[in-house]
Amino acid sequence: VLALVANLAGLHWADRFLRHPWQRSEQLLEGILPSWGAAWEVFKVWALLSPLIVVVGTLVGAALLPAMLRLTRGGKAGWLATFSVLNYVGGSANVLLAIPYLGLLAGPWALSCAALGLSAAHGDSLPKSVGAFVLLGGLALACLMAAAILALLPFFLSL
């Protein structure tokens, strides 16, 4: 619910603060930057899908982070502790996202709070929690690279 409210507030702020600079930039970057109308439609879809994205992201994160914590020899409290930390941090980060300009700090702030929260919830050291996030980021990057390679493979094979 907080994600939906934050993203709807974000839509309001985007319309208020981004529309005019975007429209001026459209003329300078013709063909590169989509029109404000097209971008606005994408923003609306993302805002309306945000509760689903948050739920899936939290479930996937809560499923993968305990495994990453185990690789760093931590995570003794289990899945439920990780799930709770991610939900508390995610809710507060979404509140921060609703505030114009300050919302830019939500990502780094949420990551630091999540690392501290996981460390406290599992009784682990902070480096173990940070290591779990680094491993998770590496896994995500490897998956993105593999997806890009698989997507481009037919192009390279046709050469």
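You'll find the structure just up there.
Residues numbered from 1 in each chain as written. Predicted model: local features only at pLDDT ≥ 70, side-chain atom pairs only at ≥ 80, totals over all residues. Heavy atoms only, no water.

### Looking at unusual backbone geometry
Moving on, step 1. Of note, the phi angle at Arg73 is positive, near 65 degrees, even though the residue is not glycine.
Moving on, step 2. One can find Arg73 in the loop between α2 (36-71) and α3 (79-97).
Moving on, step 3. Given a relative accessible area of 70%, Arg73 falls into the exposed group.
Moving on, step 4. For Tyr101, which is not glycine, the phi torsion reads 65 degrees and is therefore positive.
Moving on, step 5. Tracing the backbone through its elements, the reader meets Tyr101 in the loop between α3 and α4 (106-122).
Moving on, step 6. Given the relative accessible area of 61%, Tyr101 is considered exposed. (Helix = DSSP H or I, 4+ residues; strand = E, 2+ residues; numbered from the N terminus. Buried < 20%, exposed > 50% of the residue type's maximum accessible area, 1.4 Å probe, protein only.)

### Examining the nonpolar core
Moving on, step 1. Leu65, Val89, Leu118, Ala132 and Phe133 are the most contacted members of the largest nonpolar core, which totals 15 residues.
Moving on, step 2. Mapped by element, the contributors of at least two residues to this core are α2, α3, α4 and α5 (126-157).
Moving on, step 3. Apart from the residues within four sequence positions on either side, Leu65 is in contact with Thr82, Leu86, Leu118, Ala132, Phe133 and Leu136.
Moving on, step 4. Listed in part, the seven residues of the second largest apolar core include Leu11, Trp36, Trp40 and Ala47. (Core = buried A, V, L, I, M, F, W, Y, C linked by side-chain atoms within 4.5 Å. Contact = heavy atoms within 4.5 Å.)

### A few points about the packing of aromatic side chains
Moving on, step 1. For the coordinates displayed, the defined rule picks out eight aromatic pairs.
Moving on, step 2. Within the aromatic cluster, the residues linked to one another by ring pairs are Trp22, Trp36, Trp40 and Phe43. (Phe/Tyr/Trp six-rings, centres within 6.5 Å; stacked < 30°, edge-to-face > 60°.)

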